[in-house]
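# Results of the structural survey
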Amino acid sequence: MKLFRKKDDLYLSDKQPLSISGKILLIITYIILISWAVAIIWPLFQMVLSAFNGKQEQYLMLNDQFVFSLKHFEYLFNKTLFLKWAKNTILIALATAILTLIIVSFTGYAYSRYRFKGKKASLMAMMLIQAIPTFAGITAYFTMYSVISSINPAFTRQLMLVLIYAGGGIANNTFILKGYIDSISTELDDAAKIDGCSNLQVYRLIIMPIAKPMLALIALWSFIGPFMDYLLPKVLLTSPESYTLAAGLFTLINDVRTLNQPAFAAGGLLTAIPIVILFIVLQKQLVSGLSQGSVKG
Amino acid sequence: MEVTLKNIGKKYEGREEFTLRGIDLKIEDQDFCVILGPSGCGKTTLLRMIAGLNSITEGDLYFNDKRVNRTPPKDRDIAMVFQSYALYPHMTVYDNMAFSLMMRKENKKFIHERVMEAAKLLELTDYLYSKPSDISGGQRQRVALGRAIVRKPKVFLMDEPLSNLDAKLREHMRVELVRLHKTLGSITVYVTHDQTEAMTMATKIVLMDDGKIQQVGKPDEFYNKPANIFVAKFIGSPTMNIIEGSMKNGKFISNDGIINVKPSKEDEESLKSYEGRKVSLGIRAERFESGGHIGDTFECTIDVVEMLGKEKILYTRLENGHELIISVPGHYEYNEGEKHSFGYDISALHFFDGETGRRIN
């Protein structure tokens, strides 16, 4: 028994033991963190609850009555254009992610591996332009859109949206990818070139697989963007048919004719699903650091 | 196969000076050519120019009779082993080795045969399906070699391939590399700053300094007939003793007068025109004679004794404080603080022009 006692008393942490003031500070830290977590989780919890609560009518009421029902989801699917919005959003998000990946692949690789005139200046310029909010260009977008669509009627407002999202992401993502590719030894490029790769092949066969974690992250961010953005689709898209989820769902809480707050909660819940799936699928890529062990021992 | 460099020069973008200039070199078939030099002398640049990874600013590079200045690396029939190995981290050992053949669209069976052949030669068969991150440094080194040999190129380029290995493994790989070179019968161009590697492996050493070739030749020429003071000091460990002085009445006399040596008959001939002029005398640590009953001698105090087993290195000081390094067989009795006389092996003296540093005899 005594022996066991002794074992329990052993202090095994590598950190210095806490003093009393340290303990108080620790408790305060926990209180802050927990209250913060509650502030985030409680509304989410209410949203989930309301979405499944049959007692809720047009307006959300925070009361104790709860009857499980899927009627808000039914309403969402049958009475609104929810499916259409979801389809729009996913298409826009996919197109944005793919377009961003392609463009950023080129820019990131070029900025990392090539020396050219104005490299520094253009990087700085991109960073500065990035500081202006995308929304500030809305009039320009309108003009651009009307010019392009008058030449090519197939150019829809949704395509315009994709271009804005993808273009807006170029600067930041180029920086991120450039930084990542910089950390990959250029000897790998040299080796690949001697092995018979062209410049594009070097990127496609060597650099891209190594930079996968970063590319996955960039893809994820650009994919989530259209789900979160409300302002641009609201302004740019005119018919409810072409709305994205954010813009579409908003009609459920700000327009008296279509008002249905529990359905809004249900829609919000469903919106999270594709993103969560994507996170799970890409988890491995996001976490791994593949380039370990490529050089040295 | 022959690699010829004619008056090659390289200037990097944004630099004022040429990194390399006026490099003339001929590497013959089956040569194991080691490019040796201190860091920053341009040896890696030269190798990368032969590989085609760096452009050639001036001069011509020939593979046989074909000028290859503008040929891309993949069409030069070369393979390169990098200091960091540069293995593709996302591919298995097998894929790493097969990659270059795959890029050349060879058929699968042929690739498999070549990879297995190389793997067997380098004893890699057990790790073929591991990733580079899962194998040890020595194994990675061999994979990097394997990747180079599967294609059976005409020229092997190696950029300090052994510098990341521990001492024992390095010793082992040195022999392996020479054996490999003999089996393959191609040209190897090997860059290193380690003179031991150069002396042990090379059939031809190119010693570079400050963007210029200092001497080209066989390892024993480097040791026994260094072309100038830089070469004399660079090659050999411990460093060659250099004593500054001048010729007087057919004898070498150091500036302080402590050392005076009468050169051998053959050396006397070439030193004739240097009478009264500045001359530097070089003598290797192991070419002093102990005993003092032969010809000219000098006396010195032993400062530090380094015991290496088969030999002892004595760091001695002359009366005026000038340091001389003397090596004696390990079983001889020498202790710190003692005074001793040493003589010279006059057949092993090196005389250099005091102004230009060039070899005289």
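## A closer look at the sheet that holds strand S10 (residues 212-217) of chain B
Residue and element names in this part refer to chain B. Within the open sheet, the six strands sit side by side as S6-S7-S8-S3-S9-S10. Their pairing is mixed. Of all the strands in the sheet, the pair left with one neighbour each is strand S6 (78-81) and S10. Within this sheet the neighbouring strands show an average axis-to-axis angle of 15°, counted without direction. Where strand S9 (residues 204-209) lies against S10, five bridges are found, and the strand directions are antiparallel. What sits directly across from Asp209, in S10, is Lys212.

## Looking at the sheet that holds strand S14 (residues 278-283) of chain B
Residue and element names in this part refer to chain B. Spatially, S13-S12-S11-S14-S20 is the arrangement adopted by the five strands of the open sheet, whose pairing is antiparallel. Bordering the open sheet on either side are strand S13 (260-261) and strand S20 (350-353), each of which pairs with just one other strand. Bridge count for strand S11 (residues 241-248) against strand S12 (residues 251-254) is four bridges, and the pairing is antiparallel. The partner of Ser246 across the bridge, within S12, is Ile253.

## Here we look at the interface of chain A and chain B
The interface is formed by 22 residues belonging to chain A together with 27 residues belonging to chain B. Within the residue set of the side of chain A that touches chain B, elements represented by two or more residues are helix H8 (186-194) and helix H9 (199-210) of chain A. No other element matches H8(A), which puts six residues into the side of chain A that touches chain B.

## Quick look at the domain arrangement of chain B
Residue and element names in this part refer to chain B. One can read the domain layout of chain B as domain 1 (3-234) and domain 2 (241-353). When each unit is reduced to the centre of its C-alpha atoms, the spacing between domain 1 and domain 2 is 39 Å. Listed by partner, the interface residues are five residues for domain 1 and five residues for domain 2. Each residue belonging to the side of domain 1 that touches domain 2 can be placed in one class, and the counts come to three nonpolar, one polar and one charged.

## Description of the confidence of the model for chain B
In this model, chain B carries a mean pLDDT of 89, and residues with pLDDT of at least 70 account for 99%. Taken together, the chains of this predicted complex give a pTM of 0.80 and an interface ipTM of 0.83.

## Some details on unusual backbone geometry
All names here are of chain B. That bond from Ser237 to Pro238 is cis: its omega, 0°, falls within 30 degrees of zero. Locating Pro238 in the fold gives a position in the loop between helix H8 (229-234) and S11. Positive phi, normally seen in glycine, also occurs at Asn7, with a value near 50°. Structurally, Asn7 can be placed in strand S1 (residues 3-10). Residues other than glycine seldom take positive phi values, yet Lys152 does so here, at roughly 50°. In this fold, Lys152 is placed in the loop between helix H4 (137-149) and strand S7 (155-159).

Quick notes on the rules
- Residues numbered from 1 in each chain as written.
- Chains lettered and ligands numbered in written order.
- Predicted model: local features only at pLDDT ≥ 70, side-chain atom pairs only at ≥ 80, totals over all residues.
- Pairing = 2+ DSSP bridges.
- Helix = DSSP H or I, 4+ residues; strand = E, 2+ residues; numbered from the N terminus.
- Axes fitted to C-alpha atoms, helices over the stretch in contact; angles between N-to-C directions.
- Contact = placed C-beta atoms within 7 Å.
- Domains from an automatic or database assignment.
- Nonpolar A, V, L, I, M, F, W, Y, C, P; charged D, E, K, R; others polar.
- pLDDT = per-residue confidence, 0-100.

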